[in-house]
Amino acid sequence: MNAVVAVYSDWGIGCGGTQPLVVKADRKHFREVTGSGAVIVGRKTLADFPGGKPLKGRRNIVLTRQTLEIPGAETAKDVSEACAKTLGEAEVFVIGGESVYRAMLPHLTRVYVTKIDAQPVSDVFFPNLDADESWQITERSGLLEEDGLQYEFLTYERK
């Protein structure tokens, strides 16, 4: 199972339910990486998507303790149910938010990280994979720049 995340220098991923800084190239990269797979997303993160709607062209599984009907998505009440629903999928991507990333981390083998060289105020964070000896960088794009912001695409894999 994979995850896709954009992080800031301090591994912050958002504030007030959204991303303070957005790199357009990251959004394109996200679509390319997740385009053919199923996604697992939290209810609050789904609410931040355009129109609060599931991603098109992908199987959307929303991790929530609430009993909800979400057009275009399935729901799962816990990690076990979310994992069971993805059996048989060629690729699965965990796409946030913080509590979903943390809950699914033990199941991840690869994380696609866009690391943005900035540190806006964040109130939610992704675990720092650089400080975790069980993860290693296996691919990196080198520094790129958009509108004065430097960023890099990195792939981390569990050792």
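Residues numbered from 1 in each chain as written. Predicted model: local features only at pLDDT ≥ 70, side-chain atom pairs only at ≥ 80, totals over all residues. Heavy atoms only, no water.

1. A short note on the overall build of the protein
The following threshold applies: Put simply, DSSP H or I for four residues or longer makes a helix, DSSP E for two residues or longer makes a strand, and each gets a number counted from the N terminus. Values of the radius of gyration come from C-alpha atoms, whereas the globule rule sets the reference at 2.2 Å times the count of residues to the power 0.38. Each residue gets one of three labels from its accessible area relative to the maximum for its type: buried under 20%, exposed over 50%, partly exposed in between, using a 1.4 Å probe on protein chains only. Throughout, a residue-residue contact means that at least one pair of heavy atoms, one from each residue, lies within 4.5 Å.
Counting secondary structure elements, the protein contains four helices and eleven strands. Against the compact-globule benchmark of 15 Å for 159 residues, the protein has a radius of gyration of 15 Å, which places it among compact chains. For the protein, the spread of C-alpha atoms along the principal axes amounts to about 40 × 35 × 25 Å. Counting only residues that meet the buried cut, the protein has 44% of its 159 residues in that class. Taking contacts inside the protein between residues at least 6 apart in sequence as the whole, the part at least 24 apart equals 63%.

2. Considering the side chain of Thr-114
Inclusion rule: Two N or O atoms form a polar contact when they lie within 3.5 Å of each other; inside protein one atom must be a possible hydrogen donor and the other a possible acceptor, and for residues adjacent in sequence the pair counts only when both atoms belong to side chains.
Relative to the elements of secondary structure, Thr-114 occurs in strand β7 (residues 110-116). In this structure the side chain of Thr-114 is engaged in a polar contact, spanning 2.6 Å, whose partner is the side chain of Asp-26. Sequence-distant contacts of Thr-114, that is, excluding residues within four places in its chain, are made with Val-5, Ala-6, Val-7, Asp-26, His-29, Tyr-151, Glu-152 and Phe-153.

3. Remarks on unusual backbone geometry
Of note, the bond from Gly-96 into Gly-97 is cis; its omega dihedral lies within 30 degrees of zero at 0 degrees. Secondary-structure assignment places Gly-97 in the loop between β6 (92-94) and α4 (98-104). The backbone of Trp-11 shows a phi angle near 70 degrees, a positive value even though the residue is not glycine. Using a relative accessible area of 4% as the deciding quantity, one classes Trp-11 as buried.

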